[in-house]
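Remarks on the overall topology
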Amino acid sequence: MRKVPRPFKMPWGKGMVVEEASISSRYHEPTVQLLEFDNGHKVIRFCSYNDGRFSRSPLMIGEKDLRRLGKAAAKARQIRKLVSKLSE
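Definitions and limits used
Along each chain, residue indices are assigned from 1 in the same order as the chain's sequence is written. With pLDDT at 70 or above as the cut-off, local features in this predicted model cover only qualifying residues; side-chain atom pairs require 80 or more to be listed or tallied, and sums for whole chains, interfaces and linings still use all residues. Side-chain metrics in this entry use all non-hydrogen atoms of the structure; hydrogen atoms and water are not considered. Stacked, tilted and edge-to-face are the three classes assigned to paired rings of Phe, Tyr and Trp, where Trp is represented by its six-membered ring and a pair needs centres within 6.5 Å; plane angles under 30 degrees give stacked, over 60 edge-to-face, the rest tilted. Strands here are runs of E lasting at least two residues and helices are runs of H or I lasting at least four, both read from the DSSP assignment and numbered beginning at the N terminus. Summary of the burial criterion: residues with accessible area below 20% of their type's maximum are buried, those above 50% are exposed, and those between are partly exposed, where the area comes from a 1.4 Å probe applied to protein chains only. Both a distance and an angle decide whether a charge sits over a ring: NZ of Lys or CZ of Arg must be within 6 Å of the ring centre and within 35 degrees of the ring normal.

**Overview of the packing of aromatic side chains**
The geometry of two aromatic rings is summed up by the distance between their centres and the angle between their planes. Evaluation of the coordinates by the stated rule reveals 2 aromatic pairs. Ring plane angle 90° and centroid distance 5.1 Å describe the contact between phenylalanine 8 and phenylalanine 37, whose orientation is recorded as edge-to-face. Of the two residues, phenylalanine 8 sits in strand β1 (residues 6-10) while phenylalanine 37 sits in strand β3 (residues 29-37), which places them 29 residues apart along the sequence. In this structure phenylalanine 8 comes out as buried when scored by relative accessible area, which is 10%. Note that arginine 2 overlies the ring of tyrosine 49, its terminal NZ or CZ placed 3.6 Å from the centroid.

Following this line, the structure appears as structure tokens:
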């Protein structure tokens, strides 16, 4: 598991990865992250890691692994709260 919190930097801002949920699958490590920018704005990032390195490719996840990632995300309180807004 990667250390949390940890910094991130994007062309439009920087901040901290404050919470993370991930699983290991056959091809990569699907991950949901809660990013908090220095200005306090929070966003959810769906991403993946390959061999411990961040992948810049879009997240693709199979049906079986999606359920497992959902269970992992449910354990992350802040992520669970924001993701639940998808079904409101």
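**Examining unusual backbone geometry**
Here the amide bond leading from valine 4 into proline 5 is cis, since omega sits at 0°, within 30 degrees of zero. Its location among the elements puts proline 5 in the segment before β1. A positive phi angle, near 50°, is found at aspartate 51, a position not held by glycine. Checked against the element boundaries, aspartate 51 lands in the loop between β4 (42-50) and β5 (53-55).

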